[in-house]
Amino acid sequence: MASEISKVPIKLWLILALVFINSANNGYDGSMFGSVLAFNEFKSFFNLTGTDTNTSQISSIINIGNIVGGFLTGVIVDFKGRRVGLAIGCLFIIVGAIIQGTTTGIPQMVAGRFIVGVGLPITVSAAPIFVAELSPPKIRGTLMGLYNTFWYVGSFLARATVYGMIPYSGELKWRLPLFLQMAPSAIVLLTIWILPESPRYLVSRGQNEKAIEVLATYHGNGDKNAEIVRFQMEEIIEENEREQRYKSDSFMGSVRAYIALFSSRATLHRLLLCWMVSWFPGVSVISYYLVPMLEGAGINSEETVLGIGLGVDILSWLCAMAGAFFLADRIGRRRMGMYTIVVVVLGYAIMGACTGVGVDQKSYSATIAAVAFIFFTNGSFSALWTPLQALYPTEIWPFALRAKAVGIVNVFWGTSGYLFNWVNPLGLGNLNWKYYFVQAAWNGFWIVLIYFFMIETKGHTLEELDSIFLSSNPVKESLKPPRVDQIGDVELAVEKSKA
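Numbers given for residues are sequential positions, taken from 1 along each chain in its written order. Thresholds applied to this predicted model are a pLDDT of at least 70 for local features of residues and 80 or more for the giving and counting of side-chain atom pairs; totals over whole chains, interfaces and linings are not thresholded and use all residues. Side-chain numbers come from the whole structure's heavy atoms, not from hydrogens or water.

What to know about the packing of helix 6 (residues 106-134) against helix 20 (residues 399-431)
Here is the rule: Axes, fitted as lines to C-alpha atoms, cover a helix only where it is in contact. Angles between the N-to-C directions of the axes lie from 0 to 180 degrees. By definition, any uninterrupted DSSP run of H or I lasting at least four residues is a helix, any uninterrupted run of E lasting at least two residues is a strand, and each is numbered from the N terminus. Crossing handedness is defined as follows: a turn of the near helix away from the far one that is anticlockwise and smaller than a right angle gives a left-handed crossing, while the clockwise case is right-handed. Contacts are assigned to residue pairs that have any heavy atoms within 4.5 Å of one another. All amino acids are sorted into three groups, where Ala, Val, Leu, Ile, Met, Phe, Trp, Tyr, Cys and Pro are nonpolar, Asp, Glu, Lys and Arg are charged, and the leftover types, Gly among them, are polar.
Where helix 6 meets helix 20, the axes come as close as 9 Å, and the angle between the chain directions of the two elements is 140 degrees. Considering only the axes of helix 6 and helix 20, their crossing is right-handed. Judged by residue contacts, Pro121, Val124, Ser125, Ile129 and Glu133 of helix 6 engage Phe399, Arg402, Ala403, Val406, Gly407 and Asn410 from helix 20. Looking at the contact of helix 6 with helix 20 residue by residue, the class counts come to 6 nonpolar, 3 polar and 2 charged.

Encoded structure:
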C-alpha cells in the first residue's frame, strides 16, 4: 500500500488538498455551536441553558436545512459538474454565516443556520464525489478517508477560535466564531476553478478525450496508453452506455434517476447501507454536546472545558489520519465498521460508569477516568469510522445515480441529526450519565447490520462495485479479490519479460 501511495503524483495531492478543505465546513459547525455554549454571554443573549428546547431548536434547525439541501443536491451537482455544484454549496454557507453572525435574536439565528444547513449537503456531496471519481482505485479508501479527516481540522479551528475569545467580553466573543464559519467555503470558492473536472462526468457529457487526459495526468504519469488509464476508460464508457436512461439533462431524466434509487434489490441494498452509515449514532453526543457532558461530570471552567475540547480534536484528527493511511485500504471497510461498534459500546459504558461514580461519590479520580475515556472513545471512533463516513456512501453508487444518491444520504444525515440534536441534550439533561448506557445499547445494534449487509469495497473500481451489487450474494462476492489487482500482475509480468 505504501508503494501505491508513493505513486500518486504531487499535483494530485495538491488538487485533492484544496478539496479536503471543504470537509472542514462540517467539522466547524459540529464543534462551533457546542463550544460557544460554554460562554455565558452567548447563553444569556438567547436565554439558553444548554439543555433546553431553545438550544435544541438552534442546534437542530441546521439538520432541517440538510434535508432541503439533500433533495437539491442531485440536480445541482449533476447540472454543470462537480466543481460548479461545490461552488453553489459554498455560497449558501457564506450567506448563512453572515446572517447568523449578525443575528439579533433566535429567529435570525435559526434562519442563518438553516441556510448553512442547505449548503452543507451540497458541498459534502460534490466534494467527496469529486475525490472518489478522481482517485486511483487501489488507494481510493485512503484518499477519501483523508478527505473526511479534515472534519477535525474544522472542529479544531472552531474550538481554537472560541478558546481564543475567552479573555474577551461582550457580543464579539461569540459572534466572531459564527462569522468565521464561512472561512473554509471562502477558501474553496477562491481556488475551485483550478481543479480539473471529474473524468466520469466528462465521459457522461461526451468529452472522452478530456477524460483520458485527466486520467493520464493523475493516474498514468502522463501516458494516455497506460494500462490503468485504458482499463478505467473502458469501464467508465461501458457504465455510461448502460446508464443512459438515467441521464438527468431533462426534468424527466432527473425523475427517472430518483425513481431508480428505489427500483431494484441492488439500489435498495445500497440505500440500506447509506441509512446505516448516516443513522449510526457513534460519538454524536461527544461531538455536539461535550460542554454539557463535562458539566455533568462536574467540570465547569470555561478554559478547562474548551481546552479538553481542543485536546479531543487534536487526538481525533491524528487518529483519523492514521485510520485513513493505515486501515481503510488494508483491513477493509467491514472490519473497520465492526471494530468501531465494539469500541464505542465499551467506551460509552465505561464513561457512564465513571461519570456516575464521579458525580454521586464526588470522586475526582472517577471524573478524570471519564474524561480519559472521552478521549479514548472519540479517538478510536475517528481512526475506525471517520474515514468511512464520506467514502462509503459515495463509492457504492454507479455514476448516473451517485450525485442524487449522495443527496439522499444527506437527507438521511439531516433526519438523524435533527433527531439526535433534539434528543441528546434532553437525554443528558434528564438522565445525565445514565444516558451513556442508552447510547451504548443503540450503537450495539449496528454490529448485526454490518455483519449481514455491509459490502466490502476495498480495492474494487467504482464500476466493478456495480457488478457486485447485481450478484446473487453481494456480501460474499465483495470479499473476492478485485479485478484491478490483475493489472498489477500483468504489468509485473511485462517488466520481468523485459528484464
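Structural notes on helix 20
For the α-helix, the turn length of 3.6 residues means that residues three or four positions removed from each other point alike. Going by this rule: The span you would expect from a helix comes to 1.5 Å times its residue count less one.
Given a rise of 1.5 Å per residue, 33 residues ought to cover 48 Å, and the 45 Å separating the end C-alpha atoms of helix 20 matches this to within 8%. Of the residues trailing helix 20, Asn432 is marked for its positive phi of about 50 degrees.

Description of helix 9 (residues 183-191)
Defined as follows: Note on classification: 1.4 Å probe, protein chains only; a residue is buried when its accessible area is under 20% of the maximum for its type, exposed when over 50%, partly exposed between these limits. To obtain the arc, one takes the directions from the helix axis to the C-beta atoms.
All of the buried residues in helix 9 are Pro184, Ser185 and Val188. Relative to the axis of helix 9, the buried residues are bounded by an arc of 95 degrees and lie together on one face. Those residues of helix 9 hidden inside the fold are in contact with helix 2 (10-36) and helix 5 (82-101).

Some thoughts on unusual backbone geometry
We note that Asn47 has phi near 60 degrees; this positive angle belongs to a residue other than glycine. Mapping Asn47 onto the fold places it in the loop between helix 3 (40-46) and helix 4 (53-79). A relative accessible area of 62% places Asn47 in the exposed class. Within the chain, Asn221 stands out as a residue other than glycine whose phi angle is a positive 55 degrees.

What about a nonpolar patch on the surface?
As a reminder, the rule being used: The patches reported here contain residues having more than 30% relative accessible area and no salt bridge. Joining distances are 9 Å for like charges and 5 Å for nonpolar side chains (Val, Leu, Ile, Met, Phe, Trp, Tyr). For every accessible area listed, the method is Shrake-Rupley and the probe measures 1.4 Å; residues are considered covered only by the protein chains on display. The salt bridge criterion pairs a side-chain nitrogen of Lys or Arg with a carboxyl oxygen of Asp or Glu, the two atoms within 4 Å.
A surface patch of nonpolar side chains, about 700 Å² in accessible area, is lined by Val342, Leu346, Ile350, Ile447, Val448, Tyr451, Phe452 and Phe453. Mapped onto the nonpolar patch, the elements with two or more residues apiece are helix 17 (333-360) and helix 22 (446-453). For the nonpolar patch, the element with the most residues is helix 22, which contributes 5 residues.

Points about the packing of helix 11 (residues 208-218) against helix 12 (residues 227-242)
Definition in use: In what follows, roughly perpendicular refers to angles from 65 to 115 degrees, roughly parallel to angles under 35, roughly antiparallel to angles over 145, and oblique to any angle outside these ranges.
Interaxial distance between helix 11 and helix 12 falls to 10 Å at its minimum, and their mutual angle equals 140 degrees. Looking at the two axes, helix 11 sits oblique to helix 12. Both helix 11 and helix 12 take part in a crossing whose hand is right-handed. On helix 12, the residues that touch Asn208, Ala211, Ile212, Leu215 and Ala216 of helix 11 are Val229, Gln232, Met233, Ile236 and Ile237. Of the residues contributing to the contact of helix 11 with helix 12, the split by class is 8 nonpolar, 2 polar and no charged.

Re the packing of aromatic side chains
For clarity, the threshold we go by: Aromatic pairs are defined between Phe, Tyr and Trp rings, using the six-membered ring for Trp, whenever the two ring centres lie within 6.5 Å; interplanar angles under 30 degrees are classed as stacked, those over 60 as edge-to-face, and all others as tilted. By the criterion adopted, a ring carries a charge over it if an Arg CZ or a Lys NZ lies within 6 Å of its centre and within 35 degrees of its normal.
Enumeration according to the criterion identifies 22 aromatic pairs in this entry. The ring of Tyr451 carries Arg334 above its face, with NZ or CZ at 5.9 Å from the centroid. The ring of Tyr258 has Lys404 sitting right over it, with the charged end atom 6.0 Å from the ring centre.

Some points on the side chain of His269
Note the threshold: Counted as a polar contact is a pair of N or O atoms within 3.5 Å, where, for protein atoms, one must be capable of donating a hydrogen and the other of accepting one, and residues adjacent in sequence contribute only when both atoms are in side chains.
The residue His269 is located in helix 14 (residues 265-279) in this model. Note on His269: relative accessible area 12%, which makes it buried. Reaching out from His269, the side chain makes a polar contact with the backbone oxygen of Phe453 at a distance of 2.8 Å. Leaving out residues up to four positions away in the same chain, His269 has contacts with Phe453, Ile455, Phe469 and Pro474.

Considering the nonpolar core
How we decide: Nine residue types can take part in a nonpolar core, namely buried Ala, Val, Leu, Ile, Met, Phe, Trp, Tyr and Cys, and a core is a set of them joined through side-chain atoms within 4.5 Å.
Grouped together as the largest cluster of nonpolar side chains are 102 residues, with contacts concentrated most on Leu16, Val131, Leu134, Tyr147, Leu273, Tyr348 and Trp397. Once residues within four sequence positions are removed from consideration, Tyr348 is found in contact with Gly282, Val283, Ser284, Val285, Ile286, Thr377, Tyr436, Gln439, Ala440 and Asn443. Listed in part, the 22 residues of the second largest apolar core include Leu37, Phe39, Leu48 and Val162.

Here we look at the environment of Ser363
For Ser363, the location among the structural elements is in the loop between helix 17 and helix 18 (364-384). When the C-alpha positions of Ser363 and Phe445 are compared, they lie 32 Å apart, and in sequence the two are 82 residues distant. If we skip the residues at most four places from it in the chain, Ser363 touches Val357 and Gly358.

Regarding the pattern of salt bridges
Under the definition given, this model contains 17 salt bridges. Here Arg333 and Asp329 are joined by a salt bridge, their closest N and O atoms 3.1 Å apart. Asp329 sits in the buried class, given a relative accessible area of 6%. Salt bridges sharing common partners tie together Asp78, Arg82, Glu133, Arg402 and Lys404.

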